[in-house]
Amino acid sequence: RIEAVDGALTAALRAGLERVERELRSSLTDPDDPFLSAAAVHLIDAGGKRLRPLIVLLGAEFGDPRRPGVVQAGVLVELVHVASLYHDDVMDEAPVRHGVSSANKRWNNSVAVLVGDFLLARAAEIGVGLGDETMRMQAQAINRLVRGQILETVGPGEGDTVAHCIEVMRDKSAALLALAARLGGVVGGAPPEVCQALATTGEQLGIAFQISDDLIDILTASPASGKTPGTDLRQGVLTIPVLYAMQGEGPGPRRLREILAAGPVTDDALVAEALELLRGSEGLERAAADVTAYADRARQALSLLPAIPARQALEELCDYIVSRDR
Ligand code: FPP
Ligand code: MG
Ligand code: MG
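Residues numbered from 1 in each chain as written. Chains lettered and ligands numbered in written order. Predicted model: local features only at pLDDT ≥ 70, side-chain atom pairs only at ≥ 80, totals over all residues.

1. As for the overall build of the protein
- Along the backbone of the protein there are 16 helices and two strands.
- Taken against the 2.2 N^0.38 rule, which gives 20 Å for 326 residues, the C-alpha radius of gyration of the protein at 20 Å falls within 12% of a compact globule.
- Within the span of the protein, comprising 326 residues, buried residues form 44% of the whole.
- Considering only contacts within the protein whose residues lie at least 6 apart along the sequence, 73% involve residues at least 24 apart. (Helix = DSSP H or I, 4+ residues; strand = E, 2+ residues; numbered from the N terminus. Rg over C-alpha atoms; globule rule 2.2 N^0.38 Å. Buried ≥ 20, exposed ≤ 12 C-beta atoms within 10 Å, placed from the backbone. Contact = placed C-beta atoms within 7 Å.)

Okay, structure coming up:
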């Protein structure tokens, strides 16, 4: 739950989110297959903000939110998201997700990969029920997710590291928020120009969200986010604030470049030193300015939409991303 926008939610939206929650579980539970069912609901039970289903439901408010398929669309987008997390944790060899053991740790890589595939297949079944246009949008978004993950794996090469990082974010994170927002509009029956503005909102919000995540990884002193600060550094992931900080002049940036040149930072003292250097660097302000700029672009797209309460909730989501610290 995102408390910041909770106040802006109507009883109907809350009820919609509760239905998404129930249908998420029922879509994955098969009494004949208790092992697969348990492994499939593992990361659903672990938590998550349900940001994507919320965006679907808010998008549908620009049409008729009572249309059949709106809740299913919320389930679909969350299934794709959680599927990508099962796979991501294998690729990142991550032991923890949402404060519990990742599926690869709890079981093994094979189980995690197959369960991710299972969620993706369930999402496809729902997509078929929602029609060709949904299926096409869903397939295109998944293409972008894969492309983003590949781009991240291949790395920037000799190219511009910041531009590369933004491109990765667009595909691996923003594409799914764009799908959520657009799909909400489409299943709600909103006009095409509204669906387009919703997609733009989702896309820009997605990048803002990812950069704010990167800032939290540096700034959060206590692991209130369910994550440990410096995780990206330990994994050798150079995020936007880190890339900006490395571009600076003087002894701080020089030392930072030295620490990070060797790849993933495994030594605790070096992680602490790098975090200290980052916290005192210009990289933080530049990245925070980027979060504000992308959130502003999302707001700009929203300004094209009718001024209904859902628009206000989406605007509050923009504010939340700019101000959140966990
Ligand atoms: C988390 O990023 C991962 C993603 C946002 C996307 C992962 C995409 C794939 C695995 C490809 C598509 C796969 C499917 C099944 C659709 P992160 O590792 O930077 O962040 P986190 O681990 O800290 O959440
Ligand atoms: Mg990861
Ligand atoms: Mg990853």
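Text resumes after the structure shown.
2. Brief notes about the site of ligand 1
- Neighbouring ligand 1 are 15 residues, the closest being Ala83, Ser84, His87, Asp88 and Leu145.
- Secondary structure elements with two or more residues in the shell around ligand 1: α5 (70–91), α7 (109–130), α8 (132–154) and α9 (161–188).
- In terms of residue count, α5 provides more of the shell around ligand 1 than any other element does, five residues in total.
- Partitioning the shell around ligand 1 into residue classes produces seven nonpolar, five polar and three charged. (Near = placed C-beta within 6 Å. Nonpolar A, V, L, I, M, F, W, Y, C, P; charged D, E, K, R; others polar.)

3. Some words on the environment of Arg234
- By the secondary structure assignment, Arg234 is in helix α11 (residues 231–234).
- It is 9.8 Å that separates the C-alpha atoms of Arg234 and Leu260, two residues lying 26 residues apart in sequence.
- The residues contacting Arg234, other than those within four sequence positions of it, are Pro264, Val265, Thr266 and Val271.

4. Some thoughts on the packing of helix α13 (residues 251–261) against helix α14 (residues 268–279)
- Relative orientation of the contacting elements α13 and α14 amounts to 145 degrees, with a least axis distance of 10 Å. As for the relative orientation of α13 and α14, their crossing is left-handed in sense. Taken together, the residues of α14 that come into contact with α13 (itself represented by Gly252, Arg255, Leu256, Ile259 and Leu260) are Leu270, Glu273, Ala274 and Leu277.
- For the contact of α13 with α14, the residue count by class is six nonpolar, one polar and two charged. (Axes fitted to C-alpha atoms, helices over the stretch in contact; angles between N-to-C directions. Left-handed = near helix turned anticlockwise from the far one by under 90°.)

5. Details of α9
- Between the first and last C-alpha of α9 there are 39 Å, a value that for 28 residues agrees with the 40 Å anticipated at 1.5 Å per step.
- Remark: Gly189 follows α9 within two positions and exhibits a positive phi of approximately 80 degrees. (Expected span 1.5 Å × (residues − 1).)

6. Observations concerning helix α2 (residues 11–28)
- Here α2 contains 18 residues, and its C-alpha end-to-end distance of 26 Å stays within 8% of the 26 Å for a straight helix at 1.5 Å per residue.
- Of all the residues in α2, the buried ones are Leu13, Gly16, Val20, Leu24, Ser27 and Leu28. Looking straight down α2, one finds its buried side chains confined to an arc of 80 degrees; they lie on one side. Those residues of α2 that are exposed and angled more than 90 degrees off the buried face are Ala11, Glu18, Arg22 and Ser26. (Arc of directions from axis to C-beta.)

7. Description of the confidence of the model for the protein
- Predicted confidence across the protein gives a mean pLDDT of 94, with 96% of residues reaching 70 or more.
- Listed scores for the predicted complex are pTM 0.94 and ipTM 0.98. (pLDDT = per-residue confidence, 0-100.)

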